[in-house]
Amino acid sequence: MIHKEYALVFVVVLLFCAQGIQAGTRMEVSPSLTVSEKYSTNVNLDEDDEQESWISTISPGLTLSWLGKRFTSNITYAPSFVYYDHDESNSTIRHKGIFNTQMQPSKYVSLSLSDTFTWTDQARTVQNATGDGQGIGLIDQETDFEDTYYTNTASAAIDVSPWRSTDFGVQYNNALREEREPYVRHTASGYQEYRFGPKDRVRTAYRYRQVDSRYEDTDDSQSHRPSLNLDYWLSDHLGLENSASYTRTTYSGDNGGANDDFQEVSGSSRLVRAFSRHFSGSLVYSHTYHDFDEEGEGDYHIYNPAVGIDWDIAENSYVKTDIGYFYRRITEDNATREDQRGLTADGEVGTAWRVKRGSLSLTGSTGYDEDYQGAENLGFSVFYQAQADAEYQLTEKLGLFAEADLRRDEYLDQEPERTDTRQSYNAGVRYSLTRWLSLTLRNSFRQLDSDEEDREYTEYRSILSLSFAPRPYRID
């Protein structure tokens, strides 16, 4: 059955293609081919039933591009023919299609559209389900190979600058997952900004988000979020940056209800002092009040003073973070939740050491998060995260790479409290046989430790892939 969303996207693609041809734009064709062999020690991501498997994949691809003075459009289709040696009945064909276009019909107006469609049997994991519900959370484990599913993510945006000091724009995003429990998320937002000085501005914005899911741990929900930002610089070296927002979220369905509905008011104020072109400091205070409709749910305030640093230490080393301390105070005596406090480093601390042929970068962060409209609605959490990336070019054609990622999430509103620790490590080698032919060997280790034992898994994976991507062919 073809859904209305895809029929609409198909019509949009045809309209843009027709416009591109009528405008006399240049057309290019870009073929590609990737052949890979993968070995996994736990293909099901199931700690209680680990199954080894060799997985062979052949993925041809084709991209059509229309290029014009004010118009760029690309359509890509790349099927993957997959063979599982441990059970041939699991062998399948995956599909991936991508459409995106950028237009600037006039000097003051820009338009972008995109759509990505994936049909797969492959289990996927997400870094976390927090971050204001940004993670859609496909599945973590227990793959049922016969149960294929598809995802689709579409977005549209328009930005208008009718005057030198005024901008406004609107955005729409839609994310859809079918099979393995359907999950749909719509997000619509808009803003208007007025600039009245080199660094002075006022911006009003509004966001609407809707989640529609049959996943047993996810409540259907909708939220409205107006916000206001005001930046005013008293001098070239001293400025104030202020923000405020109001969020109203309601739930429905079998798992949700009025008991979970809430409203949240948050605001922050930052006093910035620029000491030089490369170093500035700031004093920050942010406050959040979370109010549940149902009494006894545990309304709370979050107090978060911090000191901000923005320092370009060297060409490839920087510190850009707010280091502070938060205190969450529960305001209801009969609530089951408890007060929490801890360190915050909201931002990024990074450094990169460059040698003649390589680089190394490190980043880290910690703080608190709230997940009330994500894949599991896990509530308030404290997280710690660290990442490292390294590359070294042995020769002009041969390079080495290594990556490490470690994250710990403490979900303090869960009963009982739950802690997830995810770690992943990747290392490998890339070899460019020619400009259009490359070989990659990647070895990976992934592990999830959780207080919920049925979520845990460990997997070792090794992938050898050969990619063929010649230069685009122009069609006159």
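Residues numbered from 1 in each chain as written. Predicted model: local features only at pLDDT ≥ 70, side-chain atom pairs only at ≥ 80, totals over all residues. Heavy atoms only, no water.

1. Side note on the environment of Tyr84
To keep things clear, this is the line we draw: The helix count covers DSSP runs of H or I at least four residues long, the strand count covers runs of E at least two residues long, and both are numbered beginning at the N terminus. Think of a polar contact as two N or O atoms within 3.5 Å of one another; within protein, one of them needs to be a possible hydrogen donor and the other a possible acceptor, and neighboring residues in sequence only count if both atoms come from side chains.
Locating Tyr84 in the fold gives a position in strand S4 (residues 80-84). The spacing of Tyr84 and Lys38 is 46 residues in sequence and 9.7 Å in space, taken between C-alpha atoms. Side-chain polar atoms of Tyr84 contact the side chain of Arg94, separated by 2.9 Å.

2. Section: the packing of aromatic side chains
As a reminder, the rule being used: Only Phe, Tyr and Trp rings take part, Trp by its six-membered ring, and two of them pair if their centres are within 6.5 Å. Stacked means planes under 30 degrees apart, edge-to-face means over 60, and tilted covers everything else. With a 1.4 Å probe rolled over the protein chains alone, any residue whose accessible area is under 20% of its type maximum counts as buried; one over 50% counts as exposed, and the rest are partly exposed. Only when the NZ of Lys or the CZ of Arg is both within 6 Å of the ring centre and within 35 degrees of the ring normal is a charge said to sit over the ring.
One pass over the full model with this rule turns up 18 aromatic pairs. Aromatic pair Tyr300 and Phe380: ring centres 6.2 Å apart, planes at 65 degrees, arrangement edge-to-face. Residue Tyr300 is located in strand S15 (residues 300-314), and its partner Phe380 is located in strand S19 (residues 379-393); the two are separated by 80 residues in the primary sequence. Both residues of the pair, Tyr300 and Phe380, belong to the buried class. Among the aromatic residues, those joined into a ring-pair cluster are Tyr300, Phe326, Tyr368 and Phe380. The cationic tip of Arg328 hangs over the ring face of Phe380; the distance from NZ or CZ to the ring centre is 4.2 Å. Positioned above the aromatic ring of Phe401 is the side chain of Arg430, whose terminal nitrogen or guanidinium carbon lies 4.1 Å from the ring centre.

3. Details of the pattern of salt bridges
Under the convention used in this document: By convention in these notes, a salt bridge is any Lys or Arg side-chain nitrogen within 4 Å of a carboxyl oxygen on Asp or Glu.
Following the criterion strictly, the structure yields 19 salt bridges and no others. A salt bridge links Glu193 to Arg201; the nearest nitrogen and oxygen atoms lie 2.9 Å apart. Accessibility expressed as a relative area gives 25% for Arg201, which makes it partly exposed. Residue Arg418 is joined to Asp420 by a salt bridge in which the shortest nitrogen-to-oxygen separation is 2.9 Å. Like Arg418, the residue Asp420 is buried in the burial classification.

4. Notes on unusual backbone geometry
What is expected of a backbone is that most residues other than glycine have negative phi and most peptide bonds are trans. Along the chain, Glu415 connects to Pro416 via a cis peptide bond; the corresponding omega equals 0 degrees. Secondary-structure assignment places Pro416 in the loop between strand S20 (398-411) and strand S21 (418-434).

5. Some remarks on the nonpolar core
Which entries qualify depends on this criterion: What makes a nonpolar core is a set of buried Ala, Val, Leu, Ile, Met, Phe, Trp, Tyr and Cys residues whose side-chain atoms join them at distances within 4.5 Å.
Among the nonpolar cores identified, the biggest contains 11 residues, and these are Tyr251, Phe262, Phe292, Tyr300, Ile302, Phe326, Ile330, Tyr372, Phe380, Val382 and Leu412. Elements represented by at least two residues in this core include exactly S15, strand S16 (317-330) and S19.

6. Focus: the pairing of S15
Condition: By the convention used here, strands pair only if DSSP detects at least 2 bridges between them.
Examined bridge by bridge, strand S14 (residues 279-292) and S15 share 12 bridges and lie antiparallel to one another. Of the residues in S15, the one forming a bridge with Ser282 is Gly308. Sheet topology note: the S15/S16 ladder contains 12 bridges and is antiparallel. For Ile309, the partnering residue across the bridge sits in S16 and is Thr321. The hairpin formed by S15 and S16 contains 2 residues between the paired strands.

7. Regarding the pairing of S20
Both S19 and S20 contribute to a ladder of 13 bridges, which runs antiparallel. By the bridge assignment, Glu391 is partnered in S20 with Phe401. In this structure, the hairpin formed by S19 and S20 is closed by a connection of 4 residues. As judged from the 14 bridges shared by S20 and S21, these two strands associate in the antiparallel manner. Bridging across to S21, Arg408 finds its partner in Thr421. Here S20 folds back onto S21 in antiparallel fashion, the turn holding 6 residues.

8. With respect to the confidence of the model for the chain
Selection criterion: For every residue, the pLDDT score states the predictor's confidence, bounded by 0 at the bottom and 100 at the top.
Across the chain, the average pLDDT comes to 82, with 83% of residues at or above 70. Looking over the chain, one finds the lowest element-wise mean pLDDT in helix H1 (residues 4-22), namely 50, and the highest in strand S13 (residues 262-274), namely 95.

9. Here we look at a negative patch on the surface
Note the cut-off: Each patch groups residues whose relative accessible area exceeds 30% and which form no salt bridge, using 9 Å between like charges and 5 Å between nonpolar side chains of Val, Leu, Ile, Met, Phe, Trp and Tyr. The accessible surface values rely on the Shrake-Rupley method and a 1.4 Å probe; as for residues, cover is taken only from the protein chains in view. When charges are counted, Lys and Arg are positive and Asp and Glu negative, with His and the chain ends excluded. One atom stands in for each charge, and that atom is NZ of Lys, CZ of Arg, CG of Asp or CD of Glu.
There is a patch of like negative charges on the surface, built from Glu47, Asp48, Asp49, Glu50, Glu52, Asp449, Asp451, Glu453 and Asp454. Tracing the backbone shows Glu50 in the loop between strand S1 (26-40) and strand S2 (53-67). Look at Glu50 and you get partly exposed, because its relative accessible area is 42%.

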